[in-house]
Amino acid sequence: LEDAQETALAMADNLDSVMKGYGAGKDKKVSKSKGLGPIKLFGEVSKDGFKVGIGQNLIGFADGFKAGVNLYFAMAEPPSDESEGDESEDEESEE
């Protein structure tokens, strides 16, 4: 389960770079941003020139994908040994 989770998390970084490359080709611009808490600073270069600005720091593709992977694998964890021990005690007390 751990190997599968590590593989899925590594895919997030690869897919993020592919999506950024696709966006740059589609929009004909290259951008870079840096999140600082709830705000982000960004700069972009396009055929129209250079632009800088401040915006809201929203979750990006890679961070959202990683959060989803972590949630999925947290829910896929097998039950712990302690909870199995409690169930066997309950079955014995019913007999």
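The sections below set out a description of the structure shown in this document. As the structure is a prediction and not an experimental result, all values here were calculated from the model.

Parameters at a glance
Residues numbered from 1 in each chain as written. Predicted model: local features only at pLDDT ≥ 70, side-chain atom pairs only at ≥ 80, totals over all residues. Heavy atoms only, no water. Helix = DSSP H or I, 4+ residues; strand = E, 2+ residues; numbered from the N terminus. Buried < 20%, exposed > 50% of the residue type's maximum accessible area, 1.4 Å probe, protein only. Contact = heavy atoms within 4.5 Å. Areas by Shrake-Rupley, 256 points an atom, 1.4 Å probe, with all protein chains shown as cover. Expected span 1.5 Å × (residues − 1). Arc of directions from axis to C-beta. Phe/Tyr/Trp six-rings, centres within 6.5 Å; stacked < 30°, edge-to-face > 60°. Patch = residues over 30% accessible without salt bridge, like charges linked within 9 Å, V, L, I, M, F, W, Y side chains within 5 Å. Salt bridge = Lys/Arg side-chain N within 4 Å of Asp/Glu carboxyl O.

1. Overview of the overall build of the protein
Alright, step 1. What the protein contains, in helices and strands, is three helices and three strands.
Alright, step 2. Split into buried and exposed, the 95 residues of the protein put 9% on the buried side.
Alright, step 3. In the protein, once contacts between residues fewer than 6 apart in sequence are set aside, the share between residues at least 24 apart is 35%.
Alright, step 4. With the model as given, the accessible surface of the protein reaches about 7800 Å², and the carbon-plus-sulfur share is 55%.

2. What about helix 2 (residues 61-76)?
Alright, step 1. Taking 1.5 Å per residue as the helical rise, helix 2 with its 16 residues ought to reach 22 Å, and the 22 Å between its terminal C-alpha atoms agrees with that figure.
Alright, step 2. When we look at burial in helix 2, the residues that qualify are Ala62, Val69 and Phe73. Projection of helix 2 onto a plane perpendicular to its axis shows the buried side chains occupying an angular sector of 30°, all on one side. Structural note: helix 2 exposes Leu71, Ala74 and Met75 on the side pointing more than 90 degrees away from its buried face.

3. Thoughts on the packing of aromatic side chains
Alright, step 1. Evaluated as defined, the whole model comprises one aromatic pair.
Alright, step 2. Ring geometry for Tyr72 and Phe73: centres 5.1 Å apart, planes at 85°, overall edge-to-face.
Alright, step 3. Classification of Tyr72 by relative accessible area gives exposed; the value is 56%.
Alright, step 4. Overall, Phe73 belongs to the buried group, its relative accessible area being 10%.

4. Description of the environment of Gly60
Alright, step 1. For Gly60, the position within the fold is in the loop between strand 3 (49-56) and helix 2.
Alright, step 2. Gly60 gets classed as partly exposed once you look at its relative accessible area, which sits at 36%.
Alright, step 3. Gly60 sits 44 residues away from Asp16 along the chain, and the two C-alpha atoms are 8.7 Å apart.

5. Here we look at the environment of Ala4
Alright, step 1. For Ala4, the position within the fold is in helix 1 (residues 2-27).
Alright, step 2. On a C-alpha basis, the gap between Ala4 and Val69 in space is 9.9 Å, while along the polypeptide they are 65 residues apart.

6. Focus: the environment of Ala10
Alright, step 1. Looking at the secondary structure, you find Ala10 in helix 1.
Alright, step 2. Each C-alpha atom of the pair Ala10 and Ala62 lies 9.8 Å from the other, and the pair is 52 residues apart in sequence.

7. Notes on a nonpolar patch on the surface
Alright, step 1. Taken together, the side chains of Met11, Leu15, Met19 and Phe61 make up a nonpolar region of the molecular surface, amounting to roughly 340 Å² of accessible area.
Alright, step 2. Here Met11 falls in the partly exposed class, since its relative accessible area comes to 41%.

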